[in-house]
There are 2 protein chains.
Amino acid sequence: MKRPEELDIVLVGAGNLATNLGKALHQAGCRISQVYSRTEESARTLAETLKTAYTTSLPALKNDADIYIVSLKDSALAERLTEIVSGREQSLFVHTAGSIPLNIWEGRADHYGVFYPMQTFSKQREVLFREIPFFLEANQKKDLDLLKRLAGIISGNVYEATSEQRSYLHLSAVFACNFTNHMYALCEKLLKEHNLPFEVMLPLIDETARKVHQLSPAQAQTGPAIRYDSNIIDKQLELLSCNPQMRELYEIISKSIHNL
Amino acid sequence: MKRPEELDIVLVGAGNLATNLGKALHQAGCRISQVYSRTEESARTLAETLKTAYTTSLPALKNDADIYIVSLKDSALAERLTEIVSGREQSLFVHTAGSIPLNIWEGRADHYGVFYPMQTFSKQREVLFREIPFFLEANQKKDLDLLKRLAGIISGNVYEATSEQRSYLHLSAVFACNFTNHMYALCEKLLKEHNLPFEVMLPLIDETARKVHQLSPAQAQTGPAIRYDSNIIDKQLELLSCNPQMRELYEIISKSIHNL
């Protein structure tokens, strides 16, 4: 059985997740032998970082890699599955999306799985993989073992999860990350409208995140909505009268806080 | 002119903010000579921590303190202003609320101000005051100077702000903290419903917060809503079909992300 560092890995995709995952595997001593992206520039940029070859054509993918890590947009993945697998049916194929079930590969490949690192990735920013939870799934036990060993060389938090569990993890992550970041974005918009710098919010943002390491979010909740202080709530709705969409959000989130 | 450590400080209130602020001032060497709370237990607990006296009666407040830091619920503050000031008109009165204008004191006290530490406070948790931004306001220049020196011994981020600016800072803080924490709480609720531990979300929560130190929230946004990936959005709405309120929130926040 090959060690993870001996595997021949092909990266199909060069977006935020593929870029970060590729770098982490490369730094851990893994061998990425080819990168694919539809966009030449993305493919070349990532291939240069990983000191490897690239292609912009799926038929030009190598045929003999041990594992194809497919990190395309969900819609693109569905469309290109056949092209990705075709001629490489003996290899192991994994996708990296929280929202896509394992069985998308069924009837196409013999060996397939899911390799989902639950984190928010941007190309401009390097993240610490050691703490990122990986959720794995595979149709064959020995492939699951291989995925565990591969994830284990970059992360200390490797779990198995069914497709159903993963769909709820991904949905929860949308709340914890994407929606949270949108709260920051609305905050930034408000401050900008009143010539105040976003930076003053950083200690509050940090403490809000740190706090839920110690208290449950329900215990950690503060502010006018939890007490349903209608004095403050009405005043703040008034301050948002020029922002009807933010006003609506303010109202509905405050109610939700109070109800929870 | 007295040094901050020489001031005779009375703390009116023993809630989350008063408790944390009192501890920080005490640890910095300030002299809190009395604590008031309507609730005997809160008053006694905080007084013991600060090694000082307490009362549960406003008329029994000392008359000769240099500064009264008033940290009551907004509604309680409005109701008890007269009782707090009466007989102590020569002293300096400050409140600590983001949402209450300076002029609430007008016509009652001669010296008054605002001493607003923008942070989320819970009694169970100690926070680092050094990084907390303080926003100050006073009706007299020399009182503003005194507040600056007092805030300066516990925090490195001391600013002046008008009542109008402060109202927008407080509103922005509601988005950055209270609403953000609610996103964590909804995430926790979802995970609990599916027997998944909230702890797996902590690396994602931390990275989401750290990310906006480097990228603006608008640049940092990831996830299905920013791409308006209706495939994933529809699937996730489906997963929320048993939670009509979360479903509504999911829909409206996703639209807001896409619009911004």
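The paragraphs below set out a description of the structure included in this document.

Rules used in this analysis
Residues numbered from 1 in each chain as written. Chains lettered and ligands numbered in written order. Predicted model: local features only at pLDDT ≥ 70, side-chain atom pairs only at ≥ 80, totals over all residues. Heavy atoms only, no water. Helix = DSSP H or I, 4+ residues; strand = E, 2+ residues; numbered from the N terminus. Buried < 20%, exposed > 50% of the residue type's maximum accessible area, 1.4 Å probe, protein only. Contact = heavy atoms within 4.5 Å. Lys, Arg positive; Asp, Glu negative; His and termini not counted. Charge placed at Lys NZ, Arg CZ, Asp CG, Glu CD. Pairing = 2+ DSSP bridges. Axes fitted to C-alpha atoms, helices over the stretch in contact; angles between N-to-C directions. Buried area = accessible area lost by both parts, 1.4 Å probe. Salt bridge = Lys/Arg side-chain N within 4 Å of Asp/Glu carboxyl O. Polar contact = N/O pair within 3.5 Å; in protein donor to acceptor, adjacent residues only side chain to side chain. Nonpolar A, V, L, I, M, F, W, Y, C, P; charged D, E, K, R; others polar. Expected span 1.5 Å × (residues − 1). Phe/Tyr/Trp six-rings, centres within 6.5 Å; stacked < 30°, edge-to-face > 60°. Arc of directions from axis to C-beta. Least-squares fit on C-alpha atoms with pLDDT ≥ 70 in both.

## Thoughts on the overall build of chain A
Summing up its helical and strand segments, chain A has 9 helices and 8 strands in all. Taken over the C-alpha atoms alone, chain A extends approximately 65 × 35 × 30 Å along its principal axes. Within chain A, buried positions represent 60% of all 260 residues. For chain A, the share of sequence-separated contacts (at least 6 apart) that also reach a separation of at least 24 residues comes to 57%. Across chain A, the centroid of the 28 positively charged side chains sits 3 Å from that of the 31 negatively charged ones.

## Details of the sheet that holds strand β5 (residues 92-95) of chain A
All names here are of chain A. One open sheet holds the 8 strands; their spatial order is β3-β2-β1-β4-β5-β6-β7-β8, and the pairing between them is mixed. Since the sheet does not close on itself, it has two edges, and those belong to β3 (53-55) and β8 (157-160), each with one partner. Across this sheet, the average inter-strand angle for adjacent strands is 25 degrees, counted without regard to direction. Of the pairings in the sheet, the one linking β5 to strand β6 (residues 111-117) comprises 4 bridges and is parallel in character. Bridge pairing links Val 94 to Gly 113 in β6. Each of β1 (8-12), β4 (67-70), β5, β6, β7 (133-138) and β8 touches helix α4 (residues 141-152); the most contacted strand, β7, lies at about 165 degrees to it.

## Some words on the interface of chain B and chain A
At the junction of the two partners, chain B supplies 92 residues and chain A supplies 92 residues. For the pair chain B and chain A, the summed buried surface comes to about 9,100 Å²; carbon and sulfur atoms form 65% of the total. On the chain B side of the contact with chain A, Arg 125, Tyr 168 and Phe 175 of chain B bury the most area, a combined 8% of that side's loss. The interface formed by chain B and chain A includes 4 salt bridges. Residues Glu 131 of chain A and Arg 210 of chain B are paired through a salt bridge, measuring 3.1 Å at the closest nitrogen-oxygen approach. Viewed at the interface, chain A and chain B are joined by 34 residue pairs in polar contact (both at pLDDT 80 or more). Secondary-structure elements contributing two or more residues to the side of chain B that touches chain A are α3 (74-85), β7 (133-138), α5 (163-193), α6 (202-214), α7 (217-220), α8 (230-239) and α9 (244-259) of chain B. Partitioning the side of chain B that touches chain A into residue classes produces 49 nonpolar, 28 polar and 15 charged.

## Remarks on the side chain of Ser 91 of chain A
Residues and elements named next belong to chain A. Structurally, Ser 91 can be placed in the loop between α3 (74-85) and β5. Within the structure, the side chain of Ser 91 is placed 2.9 Å from the backbone oxygen of Ala 65, a separation counted as a polar contact. Ignoring any residue separated from it by four or fewer positions in sequence, one finds Ser 91 in contact with Asn 63, Ala 65, Asp 66, Tyr 68 and His 111.

## Structural notes on helix α9 (residues 244-259) of chain A
For α9 of chain A, which comprises 16 residues, the first-to-last C-alpha distance of 23 Å matches the rise-based estimate of 22 Å (1.5 Å per residue) to within 8%. Within α9 of chain A, the full set of buried residues consists of Met 246, Leu 249, Tyr 250, Ile 252, Ile 253, Ser 254, Ser 256 and Ile 257 of chain A.

## Points about the sheet that holds strand β1 (residues 8-12) of chain B
All names here are of chain B. An order of β3-β2-β1-β4-β5-β6-β7-β8 is seen for the 8 strands of this open sheet, with the pairing classed as mixed. Every other strand in the sheet has two partners, leaving β3 (53-55) and β8 (157-160) as the edge strands with one partner each. The average angle at which neighbouring strand axes cross in this sheet is 25 degrees, direction not considered. Where strand β4 (residues 67-70) lies against strand β5 (residues 92-95), 4 bridges are found, and the strand directions are parallel. Bridging across to β5, Val 70 finds its partner in His 95.

## Observations regarding the packing of aromatic side chains
Using the criterion set out here, one finds 20 aromatic pairs over all chains in the structure. For the ring pair Tyr 116 of chain B and Phe 135 of chain B, a centre distance of 6.3 Å and an interplane angle of 35 degrees mean the geometry is tilted. Linking Tyr 116 of chain B in strand β6 (residues 111-117) with Phe 135 of chain B in strand β7, this pair joins segments that are 19 residues apart in sequence. For Tyr 116 of chain B, a relative accessible area of 5% translates into the label buried. Ring centres of Phe 135 of chain B and Tyr 159 of chain B lie 5.4 Å apart, and the angle between their planes is 20 degrees; this geometry places the pair in the stacked category. Of this pair, Phe 135 of chain B sits in strand β7 while Tyr 159 of chain B is found in strand β8, placing the two residues 24 residues apart along the sequence. Note on Phe 135 of chain B: relative accessible area 4%, which makes it buried. One aromatic cluster is present, built from ring pairs that chain together Phe 115, Phe 121, Phe 129 and Phe 134 of chain A.

## Regarding helix α2 (residues 40-49) of chain B
An α-helix turns once per 3.6 residues; consequently, residues spaced three or four apart project the same way. All names here are of chain B. All of the buried residues in α2 are Ser 42, Ala 43, Leu 46 and Ala 47. Down the axis of α2, the smallest arc covering the buried residues is 125 degrees, so these residues share one side. For α2, the exposed residues set more than 90 degrees away from the buried face come down to Glu 41 and Glu 48.

## Things to note about the pattern of salt bridges
If the charged atoms of two oppositely charged side chains come close together, the side chains can form a pair. Under the definition given, this model contains 28 salt bridges over all chains. Between Arg 125 of chain A and Glu 207 of chain B there is a salt bridge; the shortest N-O distance is 2.7 Å. Pair noted here: Arg 125 of chain A is in the loop between β6 and β7 and Glu 207 of chain B is in helix α6, and the two residues belong to different chains. Grouping residues by exposure puts Arg 125 of chain A and Glu 207 of chain B together as buried.

## Thoughts on the relation of the copies chain B and chain A
Overlaying chain B with chain A gives an RMSD of 0.0 Å, the required rotation being 180 degrees about an axis along which the chain moves by 0.0 Å. One copy is carried onto the other by what is essentially a two-fold rotation axis. Identified as the residue of chain B closest to the rotation axis by C-alpha distance is Thr 180 of chain B, at 2.5 Å. Residue by residue, 100% of the interface of chain B is reproduced at the interface of chain A, so both copies engage with the same surface.

## Some remarks on the environment of Ala 60 of chain B
Residue and element names in this part refer to chain B. Considering the arrangement of structural elements, one finds Ala 60 in the loop between β3 and β4. C-alpha separation for the pair Ala 60 and Asp 8, spaced 52 residues apart in sequence, amounts to 16 Å. Discounting residues that sit within four places of it in the chain, Ala 60 has contacts with Gln 34 and Thr 55.

## Concerning the side chain of Asp 8 of chain A
Residue and element names in this part refer to chain A. Counting through the fold element by element, Asp 8 comes out in strand β1. A relative accessible area of 9% places Asp 8 in the buried class. Separated by 2.4 Å, the side chains of Asp 8 and Ser 33 make a polar contact. Side-chain polar atoms of Asp 8 contact the side chain of Lys 62, separated by 2.7 Å. Look past the residues within four positions of Asp 8 in its chain and what remains in contact with it is Arg 31, Ser 33, Lys 62, Asp 64, Ala 65, Asp 66 and Ile 67.

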